[in-house]
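Understanding the architecture of this molecule
Spelled out from the first residue to the last, the chains are:
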Amino acid sequence: MLNDFHHFQEALEKRKESGTLRILRQKEQGIDFYSNDYLGLAGNKDFQKVLLKNISENPQLLSGSTGSRLISGNSTMVTETENFIAKEHQYQSALLFPSGYSANLALFSTLPNRHDTIIVDEQIHRSVHDACKMSLAKKLKFKHNDPEHLEQILKRQDGSCYVGIESLYSMDGDMAPVKEIIEIIEKYKAKLIVDEAHAFGVFGYGLVDKFQLQEKVLATVVTYGKALGTHGAAILTHDIVKSYLINFASPFIYSTSAHDFLWMSVKKGYDFLNMNSELSIKLKENIKIFRDQHLKSPSAENSPIQAIIVPDNHQLKALKETLLVNGFLTYAVFSPTVKEGTERLRICLHSFNTEEEILELTRIIKKFV
Ligand SMILES: Cc1ncc(COP(=O)(O)O)c(C=O)c1O
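Residues numbered from 1 in each chain as written. Predicted model: local features only at pLDDT ≥ 70, side-chain atom pairs only at ≥ 80, totals over all residues. Heavy atoms only, no water.

**Section: the site of the ligand**
- As a structural note, the neighbourhood of the ligand is formed by S99, G100, Y101, N104, H125, E166, D195, A197, H198 and K226.
- The separation between an oxygen atom of the ligand and a polar main-chain atom of Y101 is 2.9 Å.
- Note that an oxygen atom of the ligand is positioned 2.7 Å from one of the side-chain N or O atoms of H198.
- A total of three residues in the shell around the ligand trace back to one element, the largest contributor, which is helix α4 (residues 100–110). (Near = heavy atom within 4 Å. Polar contact = N/O pair within 3.5 Å; in protein donor to acceptor, adjacent residues only side chain to side chain. Helix = DSSP H or I, 4+ residues; strand = E, 2+ residues; numbered from the N terminus.)

**A few points about the sheet that holds strand β4 (residues 138–142)**
- Strand order in the open sheet formed by seven strands is β2-β8-β7-β6-β5-β3-β4, and the pairing between neighbours is mixed. Sheet topology places β2 (93–97) and β4 at the edges, where each strand pairs with a single neighbour. Across the sheet, the mean angle from the axis of one strand to that of its neighbour is 20°, orientation sign disregarded.
- Docked against the sheet, helix α3 (residues 76–88) engages β2 and β8 (233–237), running at close to 130° with respect to β2.
- Packed on one face of the sheet, helix α9 (residues 239–248) meets β2 and β8 and runs near 30° to β2. (Pairing = 2+ DSSP bridges. Axes fitted to C-alpha atoms, helices over the stretch in contact; angles between N-to-C directions. Contact = heavy atoms within 4.5 Å.)

**As for helix α12 (residues 278–291)**
- For α12, with 14 residues, the first-to-last C-alpha span of 20 Å sits near the 20 Å given by 1.5 Å per residue.
- The inward-facing, buried residues of α12 contact α11 (260–275), β9 (305–309), β12 (344–348) and α14 (355–366). (Expected span 1.5 Å × (residues − 1).)

**So, the packing of aromatic side chains**
- Counted under the stated rule, the structure contains 11 aromatic pairs.
- The interplanar angle of 25° and the centroid separation of 6.1 Å between the aromatic rings of F5 and F8 together place this pair among those described as stacked.
- Exposure remark for F5: the relative accessible area of 46% places this residue in the partly exposed category.
- In this structure an aromatic cluster arises from ring pairing among F84, F200, Y205, Y224 and Y270.
- The side chain of K179 reaches across the aromatic face of F211, ending 4.3 Å from its centre. (Phe/Tyr/Trp six-rings, centres within 6.5 Å; stacked < 30°, edge-to-face > 60°. Buried < 20%, exposed > 50% of the residue type's maximum accessible area, 1.4 Å probe, protein only. Lys NZ or Arg CZ within 6 Å of the ring centre and 35° of its normal.)

**Examining the sheet that holds strand β11 (residues 331–333)**
- Pairing in this open sheet of three strands is antiparallel, and the strands run β9-β12-β11 from one edge to the other. A single partner strand is all that each edge strand has here, and the edge strands are β9 and β11. Neighbour to neighbour, the strand axes of the sheet diverge by 25° on average, direction disregarded.
- With three bridges joining them, β11 and β12 adopt antiparallel strand pairing. Its bridge partner being in β12, V333 is matched across the sheet by R344.
- Across the sheet, helix α13 (residues 313–325) lies against β11 and β12, angled at about 35° from β12, the strand it touches most.

Right under this line is the structure:
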């Protein structure tokens, strides 16, 4: 029947009953401790002025690209931006995408073939899991940040293995033991892909760049919707891999390229980031102020994402609401989204948060944990 939504309704009811129904709420007013705008670039008036100046000099930037990059959408702007990004990150090549989601989808669904195995950290971003569903390769998971478990799995495989990790994980705010993982990757001749969505801009250009691991990694993904305050993503890799993706990656081939405004904003974002290094210094200071309040957290000492475990859905809800009443916007992750007993308040720190705000936030949290 055309209008039989019974099946959808049932699934939504189930979510409602378990308290996990998602609804779209209007953006709230308040002190931001939940967005990924780590350096405040999304609301930075000077950055906006730079973008505005470029648009007013060249309004064409705002127009649609008119087609896939393989047909009519391959502008000079996108090509020049890719060349710039590759050079900045010391990679042979960069391939731009309109989002990190589509970049991961392209990478993990295209490179491994039917005889290969994709092995991912159990906490890797959903986009990678979705890519694996599109791939014919076998998918396996290793325990979060556990190189020994990764090794046990690798030992048992015979075909080519692709390993996927994030450098800074978005739920726990903890870092991957990248160097240990690379040792194992090399031992078993596997190929490593690192998603730096949350590390890029916060730790310079990310951990691969910081530790100069470009040669050891098959591809790195950096995204521009978080610390860069704009949108889009780049896959950083070898010329041959870029060419392979251009030839075989459906999310790249069968989609209209974004407008030039996006690529221009990415290029200007890099320039702005490099000219305003005080923003990441300020962010580091704010992370230290937060950590000095000694709240129990599984997150890394220097991470802008700080998870506070509140192991009870009701208690967590009460905390989130108390914070909201006091003007603080935070994000609560309830079970069963996370395992029972690991329900958490997820706090994102920013360069623009003030010391008073951080102290007041932690003072309220302390009453609940
Ligand atoms: C680790 C990670 N990878 C990829 C993505 C997807 O990036 P985008 O939001 O640009 O699609 C996200 C964003 O939520 C993320 O956290």
